[in-house]
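Coordinate analysis (summary)
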Amino acid sequence: MTKQLGFYLDAEACNGCAVCLVACKDKYDNPVGVNFRKVIHHTMGSWEQDAASPGFMVPQISAYSLSIACNHCVTPVCLEACPVAAISKRDDGRVLIDPEVCVGCRLCQCCPYDAPQFNEALGVMTMCDGCVDLEGTGEEQACVAACPQRALEFGDIEELRAKHGDAVLGGVEPLADPAITQPSLLVTPHRHSTVLTGRTNAVE
Amino acid sequence: MLSNETFVLIGGGYASSRTADCLRQEGFDGRIVLVSEEPHLPYSRPPLCKKGLVSQLDITRLPLRHAAFYERSRIELMLGKHVTGIDRAARRVRIEGEASLDYDKLLIGTGGRPRRLPIPGNELAGIHVIRTYEDMVAMRAGFAPGARLAIIGAGYIGLETAASAVGAGLDVTVIELSARLMSRVAAPVTSEFFARYHLDHGVKLMLHRSAQGFEGVDGRVAAVLLDDGTRVAADLVLVAAGNIPEFSLAAEAGLTCEGGIVVDDRCRTSDPLIFAAGDCTRHPSVRYGRRIQLESVDNALEQARVAAAGMCGRKVRHAHVPWFWSDQYNLKLQIVGLADGFDEIVVRGDPDKPGYSIWYLRESEVLCMETVNNPREFMQAGRWIGAHAKVDARILRDAGHELDEAVIGKNELLEPVARG
Amino acid sequence: MNAPGMPRARNPIELWAAAVRQAGGVGFGLKKEPRARQLLGSGGGKGKWIAADCWPDCGSKGFNKAYVEDGVVVRMGTDDTIEDSWNKPQLRACARGQSLRLWLLGADRLKYPMKRKHWEPGGGKKELRGKDEWVRISWDEALDILAGELKRIKQSYGNEAILAPWVGAIAARALGAYGGFTDQWGAHSTGTWLPAHLHTGFGYPHWNDRFDMVETKLFLLWGTNPVWSQAGLPAYTYMQAKRNGARFIAIDPFYNPTYEMLTDEWMPIRPGTDHALILGMIHTLLVEDDPAANKLIDWDFLNRCTVGFDAEHLPEGADPRDNLKDYVLGLNDGQPRDAEWAAQICGAPPERIRWLARLLAKEEHAAICTSGGVARIDNADTLPQAFIALTAMTGHFGKPHSQLGVHHHFGTNGGPQLVQGQNSRSYANSHLRAPPIPNPVCDDMMAGGFQHTSRKGCININEINTAVLNGHYTGVDGEKVPIDLRMIYHAHGSRVNQLPNTVEGIRAHRKVEFVVTQNMFMNADAIYSDLVLPVTSRWERDGNVCIGYREQLLWHSKVMEPYFECRDDLWIGVELAKRLGIDPAIVEPWSWKQEIFNQVADARVMNEDGKTFEPLVTITKDDLAAFDVEGVPQQGRITVEEFREKGIYHIPREPGDNHGFVYLKEFREDPDANPLATRSGKLEIHCQAIADLVNRLGWSQIRPIPAYVPPMEGYEATFSDWEQRIKGDYPLQVYNIHMPRRAHNFFDNATVMRELFPHEYIMNPIDAAPRGIANGDTVLIRSPWGKVLRTVWVTPHIMPGVTILGQGSRVDLDEETGIDRGGCANVLKGSKPTGGGHIGWNSLIVEVEKWTGAPLRSDVETAHVIPLKDAYA
């Protein structure tokens, strides 16, 4: 591999507005139930009696959103699970599903991030491809260009890591342990995130 | 719909997991309980005899769906629990160490168990089968460069293990009862092709031989004894002699069984409230007009889809063209259809190189196809088999011709219909 | 046959795939186009991007463009016309904007004129409105019917009998010229802020410039959620402030996504209790302030610049008791409005109230950023004065990095418009260089414009339906005005769905002789009509010009040909004029194309000096010929072609430039030299004008100072016995907020929006559990006025005792049970007016129970379609 492309998400800036999801869905004309990008809303906490003022309930809650698509993992489980070798990893690190080879068995739904999405009308699995069709056009990925909080970036993971020193590799709750698939996803964690330590993604 | 019903799924593999998934997609809103005797989330088995043996492959990379999927889909999991019986009259499932579970509908997806050889010495340590994650971990413990591995059975599992082991530096011998590799599923040409590959990689093949016993030292296996008197020294043995469908629960419950749980083309058993799917079933093949039993991931998934629909009252036929695959070295063998009843075999391409394909025809109609490293032709074959397409063998045989050119006559099912 | 601009019907491969699957066939390996659409981005380069209007009235603005290939819109995009930076940010669209093509070309988009099968002149079987069959008719027949009914009703009953509530200036042109019609008045969005903006000196707009705002150190985000409501720039601006070290406190019943992004400090209070909270804070500051040792109150500003805070600073002629200080301290009635008193009402512990007051007072650079929502409360007429008092006394008016900001409509970036043009609202005047067409029934006010205050010939929005049913409404002086309404004409908005008491509205629509709706969608108005006219959207006309935030001007072009048989409002007006004997040139003095070009020509941009303006575009004779319009060449900053092609102009900005703005700065420095437009010239905490306005209408009686009045259906009303705190029949409050899926009715039917943002009723587990309600259950919500079914989201994000039902979802009434399955909040809201005649949507009380019938189907499954056989041709 010459490089590893991936996403950067500033989870401090993300407010779950989902325009990234709609922009992507619109670009690919995806039907109901097929979403290459997903917005996860994570809530923690509850209400309690206020210690200082009996009779008053006060909240102890926190919440945040994460926007993720395909993490173009270094060791993707989807690729290994595919029985017909429809999934491959490109030289630039992108993980792609070939719709002409896919038989729609859905075994790639083992992905801990729900990246592969079954398109029932076409009978095949479909997935974020990092807007590979826009390569060389100067146009940014649909989600990146759409975000009104400028919370998303896409590019060489090493360059993104150098640019965002406070970012961690994909290991923020409720996302899966990054040690499993080594996602190429850098996240500046929201102040309430629990961060899982994972192995670093070395580019091989 | 049906939000106050409980559907119980017995089994922790592809059939159960996919049935649970499909039930929610069907719109079933009631309770789903999946009971598995294994302590893990339903997981993928193919890597167990491949990458799993030669790497630190961990169970965390194997689940078919991750835990969050079951949570958000409200699918309850009872893992590591053994179902001891089905009380059909009371519509209840008995579970060891747990309260019985009432069901409105039941799915049996108990899969199969590896066949063990009832020969002397089979209780010695170091003799393995491979079906579960624990089996793999146990066998992997004995993997070290130079270790001598004897594999009994040259089916998919035996050969995949051989390929992985030899790549990890083990000294591998494959012992096979029939005269060729993968004799139950592949053409002689393919057997030959793979045999050459294995031999080139240093695997020793002992064909047309059967294992008669095991020799041990201090309770540990030391050799396999063959029918011709050969003694194959071994530190480690894998018995990969096939899979026996697991249907004892069904049989004890009085369901019709015949070497497997008998189901119709909607995966219904002889009890209208009980469905079955996967390796444990004996089912009709609409395409081939006879009853079959298949050990394949694809069949489990397809039957699960049909069973889920049926459990929700929707009529969907299991009218699927079965397909199979095996990864050995950098070769992907893909087989679609069933060859029984062929009257002609066509070899397309050069059978010495990956990319060739073998076509089984009956009266020019494509029944089955097998190929190595040619996924596109595999896809095409699948469509033809489903459409009962007829082909001209002369054109098919000639790799210089595009595959499409071999089809005879107009076939509606193959053309996209311009509607709307 | 596909109409131009329509998305492809299910493509042939999908249909074939479905057929094969149905046959139980191959099950895999379907034949597909070699480069399946998933792998195509911008259509392979065959099409082009066109600036596409997004006009629904959310109060924000994003720039949208549509990619059009062979006349079909295949994709949406947003602003990439400039390099993005905080100095000059791209005006990015929100999720709604991105769903424009899916919404606009969706299954409920009207295609043909239709009439109700059992209609006849006079009404026919009026009781079948809403459940009759539809018959497709020609435009000729439709216009003949409309003209015929207008003539008959005018001749029999007079123009006042025609009710055309807020139809927008374009649709109103012919009606105005025909003698006029009865219109509506009253504040929808602004609640009780509107009279305040007119009379207290705290005007509109009033935000500081964004470069000033990001230096603010403390924000009280008070009952506001721009992330959902005014998506885009406001949230981004707050983000910059946060990165600059600002602290945010959220005061709201709901911990919403705006707060999630910005703060953990959430002080929950009940809807309609903001006034009580403010009084508790004012009391705290009054008793704790010590000008020498603990300065909390800006007495200097209060004394110089306001009236009403204390007895020493009252307007002439005022009752000396009517001062805020005495009232708050309890000197008027023995009840101090202290933190303990406020806590009982608003639900925040008293110590938190005191803490908040001190925090606001001690911070030099603080802003209170609130919304119309806090004032969309019955009886909240003097709430704005309370906010003004709090801001004034804590020293946050007229100083850098401090402010009171209300309505995130073009909020977080205030000051004079730097690029001047129209606001995008369709009810604004349509042909700007011509005088507006007057409405004689309403004392010649502009026909179809938005009328805020009581006026002759106008019915308050709360009384629209009862006026039809009961034959009278409240006049300008509170008198009972008889009215015999015989016809209802809808255009532009949605009245049946969006006015309170939808069930009452449906009864009203079944009473009159004729109902016509002219709209793009089969909305609730159309459903209960006799005649439906399909209109073009802004995409199908010759473009539109509108402002963005103060720094952008947008020029949208025509995106596609008219959808099926849709025609535009202006054409309908001309055709109507011909049939009514009106000169068509009155309705259409010049073409829409000419109008848009005029607006482009008239657009002006502020120069770097921060004072003077110049024309934005240069126009040459060749330009005029190329556009085929009349005009005069002029010199400007950019070429016409550049503006048209890009679709948006951004004025360059940087911190410290001459375009900064601090509201009321000059007033604070010298109030006598810069008097405000109020009776006293000062900021009026004591505002007689508002009291007069309210008391004259007669629905309520109020004092001129912000004394707390419990809302008609607020927290107190959830008790049958307030003193003993015994809960009554409707123990829960409903917070009726804006949801991300919609801008009012708009976008609601786009399947992507219904999939992503289910219209859920939101409850706290503390309220749900005792009622046996679990997350995902279907629940029945009952108010004194109606019943609604919804699926519930149980979450700690909402305060106990309070629930949320978002506004804007289309009614779907089951007439047998009287239950609305569509989740329309106005089915639950009563229409009794209070105070100044605003709508108090956030004062609403209900009881909830688990539904034992069939669960509601998903919003995707219940998306709206048009019940007409030919609708999908």
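Chain C carries the name Molybdopterin-dependent oxidoreductase in an unreviewed UniProt entry, which gives Sphingomonas tagetis as its organism. In the Cofactor (unreviewed entry) part of its UniProt record, chain C is described as follows: "Mo-bis(molybdopterin guanine dinucleotide)". In UniProt, chain C has this text filed under Sequence similarities (unreviewed entry): "Belongs to the prokaryotic molybdopterin-containing oxidoreductase family."

Chain B has the name FAD-dependent oxidoreductase in an unreviewed UniProt entry, where Sphingomonas tagetis is given as its organism.

**What to know about the UniProt feature "domain: FAD/NAD(P)-binding" (unreviewed entry) in chain B**
Those places that UniProt annotates as "domain: FAD/NAD(P)-binding" (unreviewed entry) correspond, in this numbering, to residues 8-304 of chain B. From the first C-alpha to the last, residues 8-304 of chain B spans 13 Å; its make-up is 23% helix and 28% strand.

**Things to note about the pattern of salt bridges**
Overall, the coordinates contain 106 salt bridges over all chains when judged by the stated rule. Here Asp271(B) makes a salt bridge to Arg88(B), at a shortest N to O gap of 2.8 Å. One end of the pair, Asp271(B), is in the loop between strand S18 (261-262) and strand S19 (274-276); the other, Arg88(B), is in the loop between strand S4 (83-87) and strand S5 (92-95), with 183 residues separating them in the sequence. With a closest N to O distance of 3.4 Å, Glu351(C) and Arg358(C) form a salt bridge. Within this structure, Asp209(C), Arg210(C), Arg550(C), Glu551(C), Arg653(C) and Asp657(C) form a network of salt bridges that share partners.

**Regarding the interface of chain A and chain C**
Opposite the 66 residues of chain A that make contact, chain C presents 72 residues. Both sides of the chain A and chain C interface together cover about 5,100 Å² of buried area, and 57% of this is carbon and sulfur. At the junction of chain A with chain C, the criterion picks out seven salt bridges. On inspection of chain A and its partner chain C, the count reaches 23 residue pairs in polar contact (both at pLDDT 80 or more). Those elements that place two or more of their residues in the side of chain A that touches chain C are helix H1 (19-28), strand S2 (38-49), strand S3 (57-68), strand S6 (117-119), strand S7 (124-126) and helix H3 (142-146) of chain A. When its residues are assigned to classes, the side of chain A that touches chain C shows 35 nonpolar, 16 polar and 15 charged.

**Describing a negative patch on the surface**
A cluster of acidic side chains, namely Asp398(B), Glu402(B), Asp404(B) and Glu405(B), defines a negative patch on the protein surface. Locating Asp404(B) in the fold gives a position in the loop between helix H10 (393-397) and strand S28 (407-408).

**A closer look at the pairing of strand S2 (residues 64-69) of chain C**
Residue and element names in this part refer to chain C. Most of S2 is tucked away, with six of its six residues classed as buried. Every second residue of S2 is oriented toward a common face, with Asn64, Ala66 and Val68 on one face and Lys65, Tyr67 and Glu69 on the other, all of them buried. Here strand S1 (residues 48-52) runs beside S2; their pairing, made up of five bridges, is antiparallel. Note that in S2 the partner of Ala51 across the bridge is Lys65. Summarising the sheet, S2 and strand S3 (residues 72-78) pair through six bridges and their orientation is antiparallel. Across the sheet, Val68 pairs through a bridge with Val73, a residue of S3. Here S2 folds back onto S3 in antiparallel fashion, the turn holding two residues, of which Asp70 has a positive phi close to 50 degrees.

Thresholds, definitions, all that
- Each chain carries its own residue numbering, running from 1 in the written order of its sequence.
- All chains are assigned letters beginning with A, and all ligands numbers beginning with 1, in the order in which they are written.
- Per-residue local features of the predicted model are confined to residues with pLDDT of at least 70, and side-chain atom pairs are confined, for both listing and counting, to 80 or more; whole-chain, interface and lining totals are unaffected and use all residues.
- Computation of side-chain values covers all heavy atoms of the structure but excludes hydrogens and water.
- UniProt positions are given in the numbering used here, feature names are shortened, and annotations may be inferred rather than shown by experiment.
- Helix and strand definitions follow DSSP, with helices as H or I runs of at least four residues and strands as E runs of at least two, each counted in order from the N terminus.
- In the sections that follow, a salt bridge refers to a side-chain nitrogen of Lys or Arg positioned within 4 Å of a carboxyl oxygen of Asp or Glu.
- It only takes one pair of heavy atoms within 4.5 Å for two residues to be counted as in contact.
- Two parts placed together each lose some accessible area under a 1.4 Å probe, and the buried area is that loss summed for both.
- Each polar contact in these results corresponds to two N or O atoms within 3.5 Å; when the atoms are within protein, one needs to be able to donate a hydrogen and the other to accept it, and residues that are neighboring in sequence are counted only if both atoms are side-chain atoms.
- Residues are grouped as follows: Ala, Val, Leu, Ile, Met, Phe, Trp, Tyr, Cys and Pro are nonpolar; Asp, Glu, Lys and Arg are charged; all remaining types, including Gly, are polar.
- Here the term patch refers to residues with relative accessible area over 30% and no salt bridge, with like charges joined within 9 Å and nonpolar side chains (Val, Leu, Ile, Met, Phe, Trp, Tyr) within 5 Å.
- Computed with a 1.4 Å probe, the accessible areas rest on the Shrake-Rupley method; for each residue, only the protein chains presented here act as cover.
- Neither His nor the chain termini are counted; the positive set is Lys and Arg, and the negative set is Asp and Glu.
- Taken as the charge location is NZ of Lys, CZ of Arg, CG of Asp or CD of Glu.
- Working definition: with a 1.4 Å probe on protein chains only, accessible area under 20% of the residue-type maximum means buried, over 50% means exposed, and in between means partly exposed.
- Strands pair, by our definition, only if DSSP identifies at least two bridges between them.

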